[in-house]
Every structure is written in structure tokens, then in C-alpha cells.
Amino acid sequence: MSDCLFCRIAATEIPATVVHETSRTLAFRDIAPQAPTHVLVIPRDHHLDVGSLAAADPALLAELMTAAVAVADKEALTGGYRLLTNTGDDAGQTVSHAHVHVLGGQPLGPLG
Ligand code: AMP
């Protein structure tokens, strides 16, 4: 989608610091990191959120999670890490393109 921020990053129309990529996924550093390591992992194809992605292409959802784990390994998050995905307004989703946050590098505390 031409007006989707993450589609434009996947198309290299908007710059990002890419840390990992596969033929169907892309991982890049969050522009406003909430932890020492904060990476976003997206499918290259446009899906509104992980629910839409799960319904349309469950194999790609599995690839997305595998890529997120690969990012945690590459970033040497040996102390642990959090994979998080916001869906919809109540969760505070701000970009309507499915993505997984990979957070780590310090104790993250409880959710909420
Ligand atoms: P969410 O709020 O779960 O939809 O996550 C969207 C994330 O995208 C936020 O953590 C933003 O900081 C991040 N973000 C927004 N614009 C950019 C950008 N141009 N490059 C990297 N991350 C971005």
C-alpha cells in the first residue's frame, strides 16, 4: 500500500536501520526505542495486524515469529527478551501494518 509507512520502509522509500531480513520479512530498529534493543519485525506484504495476517497467511505469521527470534539471537539478548504486538486502539497500535516488537537489553519489568 503506497500510503502505509511500513510498506514504504519495506520498499526502501523511507530509510530504516535494517538488522535482519528474509525474502518475506524485514526487521529494523524502532525510531523511538523503549529499551536498549527495540526492533520491529514486519511482513513485507501488507496485513493490517497479526489477526489479519493469521487469517490470511498463517505460514507467514510463523515466519514473522521465527524472524523475531532470529533478531533476538543476532542482538545477543541472552538475558531474555519480550516479543510484543499491539492490535487495535485499546492496545495503542499506531501503525496499521502487522509488526512484532523485539525488546530487550535490560530487565523489562512487568507488562502494563
Ligand atoms: P505500534 O504502536 O505497536 O503500532 O508500533 C509502531 C512503532 O513504530 C512505534 O514503536 C514507533 O516508534 C515505530 N515507528 C514509527 N515510525 C517509524 C519509523 N519511521 N521507523 C522506525 N520505527 C517507527
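So, a few notes on the structure that sits alongside this text. For clarity, every value in this text was computed on a predicted model and none was experimentally measured.

Things to note about unusual backbone geometry
Move 1: One non-glycine residue with positive phi stands out, namely T12, at about 60°.
Move 2: By the element assignment, T12 lies in the loop between α1 (5–10) and β1 (18–21).
Move 3: Positioned with a positive phi, A76 is a non-glycine residue whose angle comes to about 55°.
Move 4: Relative to the helices and strands, A76 is located in the loop between α3 (58–74) and β4 (81–84).

Concerning the packing of aromatic side chains
Move 1: Applying the stated criterion across every chain, the model contains one aromatic pair.
Move 2: Note on F6 and F28: the rings are 5.5 Å apart at their centroids and 75° apart in plane angle, and the pair reads as edge-to-face. Here F6, found in helix α1, pairs with F28, found in strand β2 (residues 25–29); they are 22 residues apart in sequence, far enough to count as distant.
Move 3: By relative accessible area, which is 5% here, F6 ends up buried.
Move 4: Overall, F28 belongs to the buried group, its relative accessible area being 2%.

So, the pattern of salt bridges
Move 1: Inspection of the entire model under this criterion finds six salt bridges.
Move 2: Note that R24 and D45 form a salt bridge whose closest N and O atoms lie 3.5 Å from each other. Here R24, found in the loop between β1 and β2, pairs with D45, found in the loop between β3 (37–43) and α2 (50–56); they are 21 residues apart in sequence, far enough to count as distant.
Move 3: On the basis of relative accessibility, which here comes to 27%, the residue R24 falls in the partly exposed class.
Move 4: Given the relative accessible area of 39%, D45 is considered partly exposed.
Move 5: Between R24 and D57 there is a salt bridge, with its nearest N and O atoms 2.7 Å apart. Residue R24 is found in the loop between β1 and β2, and its partner D57 is found in the loop between α2 and α3; the two are separated by 33 residues along the sequence.
Move 6: Given the relative accessible area of 17%, D57 is considered buried.
Move 7: Through salt bridges with shared partners, a single ionic network connects R24, D45, D57 and E63.

As for the nonpolar core
Move 1: Within the largest apolar cluster, 16 residues are counted, with the highest numbers of intra-cluster contacts made by A27, V39, V41, V71 and V102.
Move 2: Counting only elements with at least two residues in this core, the list comes to β3, α2, α3 and β5 (100–104).
Move 3: Broken down by element, the residue count for this core peaks at six residues, all from α3.
Move 4: Ignoring any residue separated from it by four or fewer positions in sequence, one finds V39 in contact with V19, A27, F28, R29, D30, V71, V100, H101 and V102.

Notes on the pairing of β5
Move 1: Extensive coverage of β5 is indicated by the burial of five of its five residues.
Move 2: Side chains V100, V102 and G104 project from β5 onto one buried face, and the interleaved H101 and L103 project onto a second face that is buried too.
Move 3: Taken together, the five bridges between β3 and β5 define a ladder with antiparallel strand orientation. The residue bridging L40 from the neighbouring strand is H101, located in β5.
Move 4: By the bridge criterion, four bridges tie β4 to β5 in an arrangement that is antiparallel. When the bridges of β5 are listed, L83 appears paired with V102.

The rules we used
- Residues numbered from 1 in each chain as written.
- Predicted model: local features only at pLDDT ≥ 70, side-chain atom pairs only at ≥ 80, totals over all residues.
- Heavy atoms only, no water.
- Helix = DSSP H or I, 4+ residues; strand = E, 2+ residues; numbered from the N terminus.
- Phe/Tyr/Trp six-rings, centres within 6.5 Å; stacked < 30°, edge-to-face > 60°.
- Buried < 20%, exposed > 50% of the residue type's maximum accessible area, 1.4 Å probe, protein only.
- Salt bridge = Lys/Arg side-chain N within 4 Å of Asp/Glu carboxyl O.
- Core = buried A, V, L, I, M, F, W, Y, C linked by side-chain atoms within 4.5 Å.
- Contact = heavy atoms within 4.5 Å.
- Pairing = 2+ DSSP bridges.

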